[in-house]
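Residue-level listing of the chains:
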Amino acid sequence: MAENGASPGAQAAAEQKARKAARDAARKPAATDTIGTKGEAVPPWEMDAEGIALVDTHAHIDGEDFDADREDMLARAKRAGVVAVVTFGDTMESSARAVLLAASYENVFAGVGVHPENAFPLSQAEEDRLAAWTKEERVVAVGEIGLDYYWEKDEEKRALQRKLFARQLALARDLDMPVCIHDREAHGDLMTMLKTEGRKNRGVIHCFSGSWEMAKELLKLGWYIGVDGPLTYKNAAKLPEIVAKMPADRLLVETDCPYLSPLPYRGKRNEPAYVRL
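Residues numbered from 1 in each chain as written. Predicted model: local features only at pLDDT ≥ 70, side-chain atom pairs only at ≥ 80, totals over all residues. Heavy atoms only, no water.

Colleague: So what exactly am I meant to see when it comes to the overall build of the chain here?
Modeller: Helix and strand counts for the chain stand at eight helices and eight strands. Of all 277 residues assigned to the chain, the portion counted as buried reaches 49%. Taking all contacts inside the chain whose residues are at least 6 apart in sequence as the whole, residues at least 24 apart take part in 73%. (Helix = DSSP H or I, 4+ residues; strand = E, 2+ residues; numbered from the N terminus. Buried < 20%, exposed > 50% of the residue type's maximum accessible area, 1.4 Å probe, protein only. Contact = heavy atoms within 4.5 Å.)

Here you go:
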């Protein structure tokens, strides 16, 4: 038992929940970061959507951020020309919610997996649960999985991320499912793993933040590259130049909502309609 009387498993779960809450809060820009003034921009759902057919290839619409207006949010996306939304799990619990949403809304699809920020030793029963979810008709990928060294500095926990990543890559290969990969400040280890454990996987590197050299390597390996709100930021560095060089048929647009709102909505909750921006 832990010193506070809780079991080690319960204590680890509580610590994981607290870390996730802190990280989620940090990923949402403060209201003071909003660019532009109220009424300055025309919302995408008020723009002419004739001939527009977009897919938000990466979203997180299962959380409490959308509990108050989920149906209205999806209706706004439809008016903006968004014909489908892929919502990804980042824990076992959020994966379950993603599967339920996909079964409930005709324009929603799901991905299931455990995000590196929430890494833990996956049990066989939990792996079997992920595999079972992929059999659902509207589950289209394993994800969000990958590596995140920005948040995690402990080498043992980084090793746990790599172990979990490799296991979920293997699961996706066995199921012949594409993967959605998160990579933040882990470019070297990610590329090493994609050339070894992941050499027979396929899918997308979401919210790409690497160099043009890395992008070229990924394209050679057959990967797709996802881009979202940061592409519009003033501090986007070389990302716009990199995206301009990429073949259009290998780029996927995404929001990563409720995070990473594009200009001119930075600082506000992101949503699938903004993929049009």
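Colleague: Is there a simple way to explain the sheet that holds strand β2 (residues 82-88) in this structure?
Modeller: As a general point, the strands of a sheet are linked pairwise by backbone hydrogen bonds and lie either parallel or antiparallel. If you trace the eight strands from one edge of the open sheet to the other, you get β1-β2-β3-β4-β5-β6-β7-β8, paired in parallel fashion. One side of each edge strand has no neighbouring strand; the edge strands of this open sheet are β1 (54-59) and β8 (251-253). Neighbour-to-neighbour, the strand axes of this sheet turn through a mean angle of 30 degrees, independent of strand direction. (Pairing = 2+ DSSP bridges. Axes fitted to C-alpha atoms, helices over the stretch in contact; angles between N-to-C directions.)

Colleague: For this particular structure, what's the right way to read the packing of helix α5 (residues 155-175) against helix α6 (residues 187-195)?
Modeller: Geometry of a packed helix pair, given as the angle between the helix axes and the separation of the axes. Where α5 meets α6, the axes come as close as 12 Å, and the angle between the chain directions of the two elements is 30 degrees. On the basis of their axis angle, the class for α5 and α6 is roughly parallel. In this structure, α5 meets α6 at a crossing whose hand is right-handed. Across from Arg-162, Phe-165 and Ala-166 in α5, the residues of α6 making contact are Asp-189, Leu-190, Met-193 and Leu-194. (Parallel < 35°, antiparallel > 145°, perpendicular 65-115°, else oblique. Left-handed = near helix turned anticlockwise from the far one by under 90°.)

Colleague: Is there a simple way to think about the pattern of salt bridges in this case?
Modeller: Opposite charge on two side chains permits pairing when their charged atoms draw close. A full pass over the atoms with the stated rule returns eleven salt bridges. Put simply, Asp-189 and Arg-162 hold a salt bridge, and the shortest N to O gap is 3.4 Å. Here Asp-189, found in helix α6, pairs with Arg-162, found in helix α5; they are 27 residues apart in sequence, far enough to count as distant. Under the relative-accessibility criterion, Asp-189 is labelled partly exposed at 30%. Here the salt bridges share partners, and the residues they tie into one network are Asp-69, Arg-76, Arg-269 and Glu-271. (Salt bridge = Lys/Arg side-chain N within 4 Å of Asp/Glu carboxyl O.)

Colleague: Explain the packing of aromatic side chains here, please?
Modeller: Working definition: an aromatic ring pair is given by the centre-to-centre distance plus the angle between the planes. One pass over the full model with this rule turns up three aromatic pairs. For the ring pair Trp-45 and Tyr-274, a centre distance of 5.9 Å and an interplane angle of 20 degrees mean the geometry is stacked. Here Tyr-274 lies in the segment after β8 and Trp-45 lies in the loop between α1 (8-27) and β1, a separation of 229 residues in the sequence. When its relative accessible area of 19% is taken as the criterion, Trp-45 is described as buried. In this structure Tyr-274 comes out as buried when scored by relative accessible area, which is 8%. With 4.4 Å between their ring centres and 10 degrees between their planes, Tyr-265 and Tyr-274 make a pair best called stacked. (Phe/Tyr/Trp six-rings, centres within 6.5 Å; stacked < 30°, edge-to-face > 60°.)

Colleague: Even after reading the chapter, I still don't get the pairing of β1, so can you show me in this structure?
Modeller: Taken residue by residue, a regular strand's side chains alternate between the two faces of the sheet. One ladder, built from four bridges, connects β1 with β2; its direction is parallel. The residue of β2 that forms the bridge with Leu-54 is Val-82. Where the polypeptide runs from β1 across helix α2 (residues 70-79) and back to β2, its parallel neighbour, the crossover connection is right-handed. (Right-handed = clockwise from strand over helix to strand, strands pointing away.)

Colleague: What exactly am I supposed to notice about the side chain of Asn-107 here?
Modeller: Secondary-structure assignment places Asn-107 in the loop between α3 (92-104) and β3 (108-112). Since its relative accessible area comes to 14%, Asn-107 is described here as buried.

Colleague: It is not clear to me how the environment of Glu-126 should be interpreted in this structure. Could you clarify?
Modeller: The topology assignment puts Glu-126 in helix α4 (residues 124-134). Judged by its relative accessible area of 25%, Glu-126 is partly exposed.

Colleague: Mind showing me how you'd approach the environment of Leu-260 here?
Modeller: Position of Leu-260 relative to the elements: it lies in the segment after β8. Those residues within four positions of Leu-260 in sequence are excluded, and the remaining contacts are Cys-207, Asp-228, Gly-229, Pro-230, Tyr-233, Thr-255 and Asn-270.

Colleague: Explanation requested: the nonpolar core in the structure shown.
Modeller: One broad trend across soluble globular proteins is that nonpolar side chains are buried collectively. Grouped together as the largest cluster of nonpolar side chains are 61 residues, with contacts concentrated most on Ile-61, Phe-165, Val-179, Ile-181, Leu-194, Phe-208 and Leu-218. Ignoring anything within four residues of it in the chain, the contact list for Phe-208 reads Met-214, Ala-215, Leu-218, Ile-225, Gly-226, Leu-239, Ile-242 and Met-246. (Core = buried A, V, L, I, M, F, W, Y, C linked by side-chain atoms within 4.5 Å.)

Colleague: I tried to follow a positive patch on the surface on my own but got confused; where do I start?
Modeller: On the surface, a cluster of positive charge is contributed by Lys-216, Lys-220, Lys-238 and Lys-245. Looking at the secondary structure, you find Lys-216 in helix α7 (residues 212-221). (Patch = residues over 30% accessible without salt bridge, like charges linked within 9 Å, V, L, I, M, F, W, Y side chains within 5 Å. Areas by Shrake-Rupley, 256 points an atom, 1.4 Å probe, with all protein chains shown as cover. Lys, Arg positive; Asp, Glu negative; His and termini not counted. Charge placed at Lys NZ, Arg CZ, Asp CG, Glu CD.)

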